[in-house]
Amino acid sequence: MKPLANSWTGSGSGASELHALRVSGLRKSFGRPAVSGIDLTIAPGEFYGLLGPNGAGKSTTLRMIAGLLAPDAGTIEVFGIDVRKDPLAAKKLIAWVPDEPLLYDKLTVMEYLEFIVGLWRLDANKAQGHAQELLKRLDLWQHRDERCEGFSRGMKQKAALAGALLHEPRLLILDEPLTGLDAAIARQVKDLLLERARQGCTIILTTHLMDVAERMVQRLGIIASGRVLAEGTLDELRTRTQQVGGTLEDIFLRLVTNAKEEVAAS
Ligand SMILES: Nc1ncnc2c1ncn2[C@@H]1O[C@H](COP(=O)(O)OP(=O)(O)OP(=O)(O)O)[C@@H](O)[C@H]1O
């Protein structure tokens, strides 16, 4: 997938363009370790999948990258900006969509997007056109004046995604964006994400859907017990795990089972 030059790839932030995301020695404990020294580097325009079994530390890692949770140790840089030292500058470049969409239930989806326009102080005319395009694209246009409280989970997920894309983030962080969506809604979301990735938006997502990760992302990180077990393209992971022709599911299960066995033997 080749990034195109546009507002997502532009050097508007004036920040370093070498890495979209650089995470080093990231740690977080909630009494017991959840993230135990994660290093990740993602290039501008890359579509990256973070996979791992339940409780592996994926959401905790994403929440720290998004600046919503303070790490115990480690550094996080987004386009060269230290998320902890300059959180506001970093947040301008980031959008985070959690697995449970956070919307204001009493607002209509249009009011929600207007709220976001105000929050980011976006150019109202430009943002209005963009909001309209996103709502049409996600099949929410006919529901624009309905309150979010009446939306299904899939509609809420799409509204949250529209809100996240409105300020044209350069790094889009999505925690299980496709879980619980029906096939038609999942297709709309996947198509929109792939389009944004093609346009150069850097995307990091978590998913338990191996076939989706296999088809959508360019590079994968597989984590368990708060550590990166392996990282690379699907072909690199196949070579590394000696699974020629193996599916991502084969590779994932091999890596996770090996890691469990190593822990049991230690
Ligand atoms: N706020 C919290 N308080 C206490 N423990 C937490 C908190 N958030 C996460 N944890 C713990 O940290 C570990 C990692 O959780 P995390 O949600 O990051 O995993 P995950 O890989 O996203 O899992 P899943 O695939 O099930 O969503 C788990 O043991 C979890 O119970």
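For clarity, every value in this text was computed on a predicted model and none was experimentally measured. (Residues numbered from 1 in each chain as written. Predicted model: local features only at pLDDT ≥ 70, side-chain atom pairs only at ≥ 80, totals over all residues. Heavy atoms only, no water.)

Draft legend 1. Summary view of the overall build of the protein chain. The secondary structure content of the protein chain amounts to nine helices and 10 strands. Computed over C-alpha atoms, the radius of gyration of the protein chain comes to 19 Å, within 12% of the 18 Å expected from 2.2 N^0.38 for 266 residues, which places it in the range of a compact globule. Across the 266 residues of the protein chain, 49% fall into the buried class. Restricting the contact set of the protein chain to residue pairs at least 6 apart, pairs at least 24 apart contribute 71%. Only carbon and sulfur atoms are counted for the fraction: they give 50% of the accessible area of the protein chain, which is about 12,700 Å². (Helix = DSSP H or I, 4+ residues; strand = E, 2+ residues; numbered from the N terminus. Rg over C-alpha atoms; globule rule 2.2 N^0.38 Å. Buried < 20%, exposed > 50% of the residue type's maximum accessible area, 1.4 Å probe, protein only. Contact = heavy atoms within 4.5 Å. Areas by Shrake-Rupley, 256 points an atom, 1.4 Å probe, with all protein chains shown as cover.)

Draft legend 2. Summary view of the pattern of salt bridges. On inspection of all chains with the given rule, the structure shows 13 salt bridges. The salt bridge involving Arg238 is made with Asp235; its shortest N-O contact spans 2.9 Å. A residue pair is termed a helical-turn pair when its members lie 3 or 4 positions apart in one helix, as Arg238 and Asp235 do in helix H8 (residues 234–240) at three residues. Given a relative accessible area of 18%, Arg238 falls into the buried group. For Asp235, a relative accessible area of 52% translates into the label exposed. Put simply, Glu46, Arg219 and Glu231 are held in one network by salt bridges that share partners. (Salt bridge = Lys/Arg side-chain N within 4 Å of Asp/Glu carboxyl O.)

Draft legend 3. Structural context of the pairing of strand S10 (residues 227–232). Bridge analysis of strand S9 (residues 219–224) against S10 gives five bridges, and the strand direction is antiparallel. Bridge pairing links Ile222 to Ala230 in S10. Linkage of S9 to S10, two consecutive antiparallel strands, is achieved through a turn of two residues, within which Ser225 is found at a positive phi near 50 degrees. (Pairing = 2+ DSSP bridges.)

Draft legend 4. Structural view of unusual backbone geometry. You will see that Glu168, though not glycine, has its phi angle at about 55 degrees, which is positive. Assignment of secondary structure puts Glu168 in the loop between helix H5 (153–165) and strand S7 (171–175). With phi around 50 degrees, Ser225 is a residue other than glycine that occupies positive phi space. When you line up the elements, Ser225 lands in the loop between S9 and S10.

Draft legend 5. Region of the structure containing the sheet that holds strand S1 (residues 21–30). Taken in spatial order, the four strands of this open sheet run S2-S1-S4-S5, and their pairing is antiparallel. Strands with a single pairing partner mark the edges of an open sheet, and in this sheet they are strand S2 (32–42) and strand S5 (81–82). Looking at chain direction, strand S4 (residues 73–78) and S5 are connected through two bridges and run antiparallel. By the bridge assignment for S5, Glu77 is matched with Asp82. The sheet contacts of helix H1 (residues 58–65) involve S1, S2 and S4, and relative to S1 the element is tilted by about 120 degrees. (Axes fitted to C-alpha atoms, helices over the stretch in contact; angles between N-to-C directions.)

Draft legend 6. Here's a closer look at the UniProt feature "domain: ABC transporter" (unreviewed entry) in the protein chain. Under the local residue numbering, the UniProt record ascribes the feature "domain: ABC transporter" (unreviewed entry) to residues 18–250. Taken end to end, residues 18–250 has its terminal C-alpha atoms 33 Å apart, with 37% of it in helix and 26% in strand. (UniProt positions renumbered as here; feature names shortened; annotations may be inferred.)

Draft legend 7. The environment of Ser152, seen in detail. Assignment of secondary structure puts Ser152 in the loop between helix H4 (124–137) and H5. Using a relative accessible area of 35% as the deciding quantity, one classes Ser152 as partly exposed.

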